[in-house]
Amino acid sequence: MGKAAKRKKKASTSSKAKGSAEPTIAMVKSNPFEVKVNRQKFNILGRKTKNDVGLPGVSRSKAIKKRTQTLLKEYKEKEKTNVFRDKRFGEYNTKISPEEKMIKRFTLERQQNYGKKNIYNLNEDEELTHFGQSLAEIEKLNDVIDSDSDTDERGALSAELTAAHFGGGGGLLRKKASTEQEDEEEEKPKSRKELIEELIAKSKQEKQERQSRRESALELTEKLDNDWKEIQTLMARKPPKSERKDKEAEKPKPDEYDMIVRELGFEMKAKPSERMKTEEELAKEEEARLQKLEADRLRRMRGIGEQENKKKPSHVSADDLTDGFILDKDDRRLLSYKDGKMNIENVEEEEDKEEEEDKEEEEEQEEEEGEKEDNENEEGEEESATEDEEDVASDNHSDLESDLESEEEAAGNKEQKKHKANENESQNVEELDPKMEAAKSELPYTFAVPESYEKFKSLLAGRTVEQQLTILERIQKCNHPSLAVGNKTKLELIYLKITSLLFPTSDFWHPVVTPAFIYMSQLLTKCRITTLQDVIKGLFICSLLLEYVSLSKRFVPELINFLLGVLHISLPKKQAQGYTVVHPFTPVGKNLELLLVCDKKDLESWKKQNLPLSVVTRLKELSKTEINHIRLSCLALCFDLIKRCAVLYESLPSFYEIMHPIRVLLTQRVSVSEYPEQMQEWYHGALKELENKTKHYTPLICEKKKPVPLKQYTPKIVKVLEFGRKQGGSKKEQERKRLIHKHKREFKGAVREIRKDNQFLARMQLSEIMERDSARKRKVKELLGSLATQEGEWKAMKRKKGRN
Amino acid sequence: MARPALAASLEAVLGDRGNANRVFEILELLAAKEEEDVLCAARTCRRLFAALLRRGELFAGSLPAEEDALRGNYSAEEKYKIWMRHRYNDCVESLSELLGHDSFQVKESSLCTLMKFWKGSIAFPRHLLKVVVNGLIPIHEDASLLISRFQEYMEYEDVRYFVMKAVTESIGQVMQKIKERPLPFYQQNVFSLISPINMPNKERDMVKFMMKQDNQEEWKVSKLQAHKQAFERMWLTFLKHQLPSGLYKKVLVILHDSILPYMNEPTLMIDFLTVAYGVGGAISLLALNGLFILIHQHNLEYPDFYKKLYSLLDPSIYHVKYRARFFHLADLFLSSSHLPAYLVAAFIKRLSRLALTAPPEALLMVIPFICNLFRRHPACKVLMHRPNGPQDLSEDPYIMEQEEPSESRALESSLWELQSLQNHYHPDVAQAAAILNQSLSEIEDDISGLLELSASELFDKEIKKTSANVPLEFEQVRGLFGKKNDIIAEHFALD
């Protein structure tokens with residue numbers, strides 16, 4: 001079948017080559033010998049197949065045709081560098097009929113020859129030019145005028161001269177090279193040389209005239225100036241002085257007016273700025289900003305969208321001791337001075353990223369530190385509340401601290417001086433950046449905490465401000481509390497308070513506030529209550545917790561437990577019934593009655609006072625009455641806190657159950673009548689909040705879950721990938737597979753093409769050889785034939801001779 | 001110093017029987033006032049009598065009285081031995097007295113000396129052992145140090161056996177004398193002596209004996225059964241008497257692990273455990289473990305077990321240190337799917353009510369615990385989901401005070417407590433409680449990892465969390481107490 005097809009194909013190609021392609025293909029398609037049908041084993045619904053019917057003969061003939069046009073040509077032109085370009089009009093354009101072609105060619109030829117004077121001069125129409133001027137014409141102007149002689153007035157050359165030099169539009173030399181004879185006829189008696197001399201003379205004269213005119217003008221202005229000066233002196237009434245001055249000022253000093261103009265010119269142009277906002281608008285903006293912040297806060301409180309802003313620069317942990325850390329330029333803002341004090345507010349407002357990180361570091365550090373009983377430093381803390389100061393552990397870092405905070409007593413005057421020095425230095429140093437970069441890299445990475453001020457000074461001496469900062473930072477990092485036990489110092493309650501000031505305590509989760517919460521909860525549950533101090537500290541924590549949750553209204557069981565416990569220890573022993581106190585309080589045992597006051601006198605003389613935190617350290621110095629008063633104040637505080645809790649947790653569904661023990665204790669155990677009047681007020685305030693809540697329970701209902709969809713029998717749809725049905729893998733993997741597959745296919749195709757090319761070439765070569773051979777054979781035959789006839793003739797002649 | 005003199009006497013006595021009377025010089029010093037002297041004397045005694053024992057120069061067998069021996073027709077050799085034996089007895093006596101000496105060094109030295117004698121003696125010196133045991137468990141002082149010194153000898157099977165017997169005897173005598181009054185020191189001493197007793201599991205393991213017997217196989221001491229019996233009797237005698245509460249707890253803590261498995265009849269402990277279970281509080285919680293073993297492995301029927309378990313639930317369960325143990329057991333007890341729904345509901349309701357006072361680490365454990373109960377007992381899910389119930393209740397139907405779970409009306413209630421905990425300050429707790437709103441998955445949560453959760457772990461976990469973004473307070477800071485309605489500013493002063 002193949003052979004038949006081939007033959008057929010050859011026939012068809014030859015026929016097709018001339019006629020239009022479409023009818024042939026239609027004809028071929030209808031020919032059952034041309035069509036090859038790819039039978040499918042299974043019929044698959046909805047699958048579209050491209051290759052169910054093929055026309056092998058057609059496609060092969062197409063391929064061969066293409067090869068003859070490309071590959072064969074290349075082969076034939078192999079090793080030939082010259083290319084023959086056929087420029088005949090429409091030689092390969094099959095769309096034009098031969099007759100039209102001939103007509104067009106003829107017209108073209110006629111057009112080319114049109115206007116030729118001399119039909120034998122073939123190159124006539126080609127004119128050599130230089131800058132658009134015919135060279136033939138230029139050649140005629142043999143003598144070139146040297147125009148350099150009058151450089152002063154280059155622009156003043158007359159049009160004629162220019163024309164003469166460069167052959168412009170002047171009428172003088174307008175003549176065609178072809179009409180030489182006419183030129184000679186028209187030429188005047190003056191020669192060329194004469195003409196040009198004339199021209200030069202003319203221009204020189206003009207020049208002179210112009211110069212004289214300018215001089216006269218100058219004279220006139222000078223005269224005018226002098227006149228004006230005279231008049232001016234008269235007007236200014238200071239003739240001698242001004243005269244002298246003017247003479248001096250005339251030459252060197254630029255005019256004042258000019259100067260102003262210049263200045264104005266150089267001055268920054270006022271750019272259109274946003275218009276000033278009215279106060280209302282400002283207030284509105286501020287309000288909008290606050291609203292946005294509040295909305296953010298609420299969102300965080302509900303714990304939504306925690307993972308949204310992931311792009312921000314990664315947080316650097318406090319323990320991060322990366323050796324090659326770089327001090328960013330922003331860090332400089334951390335230490336800005338104002339009147340010798342650190343200026344923190346600016347920094348806080350800016351809310352740099354670094355700042356946040358730093359703060360966080362510090363807070364974490366704070367939490368790690370234990371509780372610190374003495375409040376000696378609290379005053380200082382309160383005033384400055386500087387982050388950097390907190391950063392520095394107070395025991396062995398005292399030197400550092402003094403450096404950072406000028407108010408510190410130990411630092412004294414030296415420090416002040418130093419700060420000033422720092423300031424000055426900082427100004428000088430601004431320009432030394434590149435040098436500094438190099439210097440910074442030379443700093444060692446670890447520093448011991450200097451023991452004395454002198455050592456510290458020597459450490460910092462000769463360094464730039466940035467280097468000093470680097471050193472400080474490294475000292476702090478190297479001596480971080482988490483790195484060594486000795487560094488760990490005790491926490492002050494104040495830190496927890498500061499936390500609530502700096503961070504939003506209502507967040508669902510917060511990297512600083514949540515640990516603080518847990519820490520406080522542990523303080524309330526784990527620390528034993530053995531003394532009155534413990535009670536005060538505990539109540540302080542309770543107040544803090546209440547403050548923390550005042551916005552979010554989160555439930556803190558430890559708080560309620562503690563308040564119940566505090567109430568419990570204010571009662572006489574053996575009254576714990578109807579409620580249960582939990583750790584750290586015990587229903588029986590030691591440390592009961594810590595808050596019990598029996599002294600009638602003290603009860604009467606009591607007045608509500610603010611609990612001084614210093615009591616925590618100097619309780620022993622107080623008299624019994626004072627202690628009793630403090631006890632009563634604690635109790636009053638407890639009542640107040642209960643009241644606040646009641647208000648806060650009112651909305652909780654089990655509010656009644658939560659407050660039940662406290663309610664029982666308040667209503668059944670406390671002997672109100674013994675309390676002083678003021679205390680009774682507190683008591684009733686708390687009780688009122690507890691009592692007048694309506695109990696309200698709604699049965700719980702789960703959120704409706706989505707109905708589980710019924711199982712359906714729709715086929716599983718699998719995406720058919722380019723490389724077949726191989727599924728799985730990530731997108732990247734799929735892409736890789738696809739590319740591999742594509743490459744393979746392309747490679748195969750290319751190999752096939754090359755093979756076919758080679759086959760084609762070999763066929764061609766073979767046919768060439770065959771042709772050559774057959775030609776040779778024919779020629780040999782011819783030769784042999786002629787030789788035979790020659791021989792035959794010779795023999796015939798010989799025979800004839802012999803016969804003759 | 002008495003040392004050279006003592007050394008000389010020792011030489012003399014050991015060297016020549018004629019100098020035997022110098023033994024008295026040594027024995028006298030045992031009663032000396034100086035601690036150094038006593039120590040020295042004890043050491044000398046040890047060397048002297050150890051040498052004599054080795055040489056066989058002590059009389060063996062039933063010992064005639066000293067006077068009888070002198071008068072009776074014994075050979076000189078025998079007389080010497082009898083006499084020396086009497087000196088030995090004197091020495092043992094004074095050493096056992098020294099066990100009650102003030103100084104620990106003296107006590108230790110005398111104890112070691114006694115044990116050395118013991119090793120040297122031929123037959124098992126039961127009398128000697130009794131002396132030692134009585135010295136180890138004094139009535140009025142804590143002897144734990146000495147007891148811990150003695151522990152090395154308890155490795156020997158025979159020593160342990162006889163110590164157990166001696167202790168049983170001693171408890172009987174002492175307790176009878178003082179008539180049921182608790183003796184904290186004595187009982188503490190006994191406990192520290194007997195609690196570390198490490199019983200062998202198989203008879204094969206019993207190979208370490210201090211004394212070698214001829215008929216080892218038939219000897220009672222080599223039988224595990226006998227050991228167990230002695231062990232059982234010792235503990236029962238010990239526990240028969242009222243214990244101080246600290247000791248009570250200690251006993252209960254080790255009961256399931258190191259006592260019950262080594263008893264012939266563990267059911268004998270029922271009385272003790274039942275009483276303990278009825279005490280309430282932490283003791284009941286601890287008794288639960290032993291009871292569980294009895295119920296589970298020995299078919300103990302305990303009436304109203306669940307009612308009792310229910311009554312154990314009080315606010316302290318979330319705060320005591322045995323929390324993990326209790327919840328582990330409670331999980332086991334409530335794992336049966338045959339429990340009535342009202343009972344499980346009552347447990348759920350009570351646990352969640354108590355959770356209102358619990359610390360976060362306990363909440364993180366108990367919320368999945370409750371969820372597991374729901375999964376095991378789907379009938380209780382009405383507590384979470386009651387679509388057709390009454391809309392408004394003025395009171396929680398559940399009665400907390402009711403001791404009978406069936407009458408607590410728990411099934412009529414809802415878990416408002418967990419709803420309240422959705423507002424807990426700890427984000428994890430709030431999240432865990434939020435599960436209440438959704439329908440539960442089928443697979444139970446694994447709470448074994450949560451049982452031991454501690455507060456410090458919680459804190460560490462929080463600290464380790466990192467966040468890219470730290471929100472700051474946007475309200476401007478106006479001083480430490482600058483906020484509106486600052487509670488601290490209202491009630492505290494910084495000065």
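Fair warning: this is a prediction, and the values are worked out from it, not measured in the lab. Every chain begins its residue count from 1, and numbering advances along the sequence as written. For naming, the first written chain is A and the first written ligand is 1, with later ones following in the order written. Under the rules for a predicted model, residues below a pLDDT of 70 receive no local features and side-chain atom pairs below 80 are neither given nor counted, while totals for whole chains, interfaces and linings still include all residues. Only heavy atoms go into the side-chain values, all of them from the structure, while hydrogens and water stay out.

Caption draft 1: Broad picture of the packing of aromatic side chains. When two rings of Phe, Tyr or Trp (its six-membered ring) have centres within 6.5 Å they constitute a pair, described as stacked for plane angles under 30 degrees, edge-to-face for angles over 60, and tilted for the intermediate range. By the definition in use, this model includes 24 aromatic pairs over all chains. Arranged with centres 5.3 Å apart and planes meeting at 80°, the rings of Phe517(A) and Tyr548(A) form a pair that is edge-to-face. Separated by 31 residues along the polypeptide, Phe517(A) in helix α23 (residues 513–526) and Tyr548(A) in helix α24 (residues 532–548) bring together distant segments of the chain. Take Phe517(A) and Tyr548(A): they sit in the same class, and that class is buried. Geometrically, the ring pair formed by Tyr248(B) and Phe272(B) is stacked, given 5.6 Å between the ring centres and 25° between the ring planes. Within this pair, whereas Tyr248(B) is found in helix α12 (residues 245–259), its partner Phe272(B) is found in helix α13 (residues 270–279), the two being separated by 24 residues in sequence. Numbering goes from the N terminus for both helices and strands, where a helix is a DSSP run of H or I of at least four residues and a strand is a run of E of at least two. Using a 1.4 Å probe on the protein chains alone, a residue whose accessible area is under 20% of its type maximum counts as buried, one over 50% counts as exposed, and one in between counts as partly exposed.

Caption draft 2: A positive patch on the surface, seen in detail. Residues and elements named next belong to chain A. Each patch groups residues whose relative accessible area exceeds 30% and which form no salt bridge, using 9 Å between like charges and 5 Å between nonpolar side chains of Val, Leu, Ile, Met, Phe, Trp and Tyr. Accessible surface area values rest on a Shrake-Rupley calculation with a 1.4 Å probe, where residue burial reflects the displayed protein chains alone. Put simply, a salt bridge is a Lys or Arg side-chain nitrogen that is within 4 Å of an Asp or Glu carboxyl oxygen. Under the counting rule used here, the positive set is Lys and Arg, the negative set is Asp and Glu, and His together with the chain ends is not counted. Charge placement uses NZ in Lys and CZ in Arg. For Asp and Glu, CG and CD serve respectively. A cluster of basic residues, Arg60, Lys744, Lys748, Arg752, Arg755 and Lys756, forms a positive patch on the protein surface. By residue number, the principal contributor to the positive patch is helix α31 (residues 731–803), which donates 5 residues. Relative to the helices and strands, Arg60 resides in helix α3 (residues 56–69).

Caption draft 3: Structural context of the nonpolar core. The biggest cluster of nonpolar side chains holds 254 residues, and the ones touching the most others in it are Tyr649(A), Phe150(B), Trp235(B) and Phe238(B). No other element matches the 15 residues that helix α28 (residues 624–649) of chain A contributes to this core. Dropping the residues within four chain positions of it, Phe150(B) is found in contact with Leu111(B), Met115(B), Val132(B), Leu136(B), Val159(B), Val163(B) and Leu193(B). In plain words, nonpolar cores are sets of buried Ala, Val, Leu, Ile, Met, Phe, Trp, Tyr and Cys residues tied together by side-chain atoms within 4.5 Å. Judged by nonpolar contacts, the second largest core, of 5 residues, contains Leu71(A), Leu72(A), Tyr75(A) and Leu761(A). Contacts are assigned to residue pairs that have any heavy atoms within 4.5 Å of one another.

Caption draft 4: View of the interface of chain A and chain B. Taken together, the contacts link 86 residues of chain A with 73 residues of chain B. Counting the surface chain A buries against chain B, the share from its top three residues, Leu501(A), Tyr697(A) and Leu700(A), is 11%. Run the count over chain A and chain B and you get 3 salt bridges. Between Arg644(A) and Glu490(B) there is a salt bridge, with the nearest N and O atoms lying 2.8 Å from each other. In the analysis that follows, any N or O atom pair within 3.5 Å is treated as a polar contact, provided that within protein one partner can donate a hydrogen and the other can accept it, and provided that, for residues neighboring in sequence, both atoms belong to side chains. Here chain A is connected to chain B by 15 residue pairs in polar contact (both at pLDDT 80 or more). Here the side of chain A that touches chain B takes 8 residues from α23(A), the largest share from any one element. Along the lines of polarity and charge, the residues of the side of chain A that touches chain B split into 40 nonpolar, 20 polar and 26 charged. By this definition, two strands are paired if DSSP reports at least two bridges between them. For strand β9 (residues 611–612) of chain A and strand β1 (residues 492–493) of chain B, the ladder comprises 2 bridges, and the chain directions are parallel. Buried area, as used here, totals the accessible surface that two parts lose on assembly, with accessibility defined by a 1.4 Å probe and the loss added over both. The residue classification treats Ala, Val, Leu, Ile, Met, Phe, Trp, Tyr, Cys and Pro as nonpolar and Asp, Glu, Lys and Arg as charged. All others, Gly included, are polar.

Read these as geometric descriptors, not functional statements.
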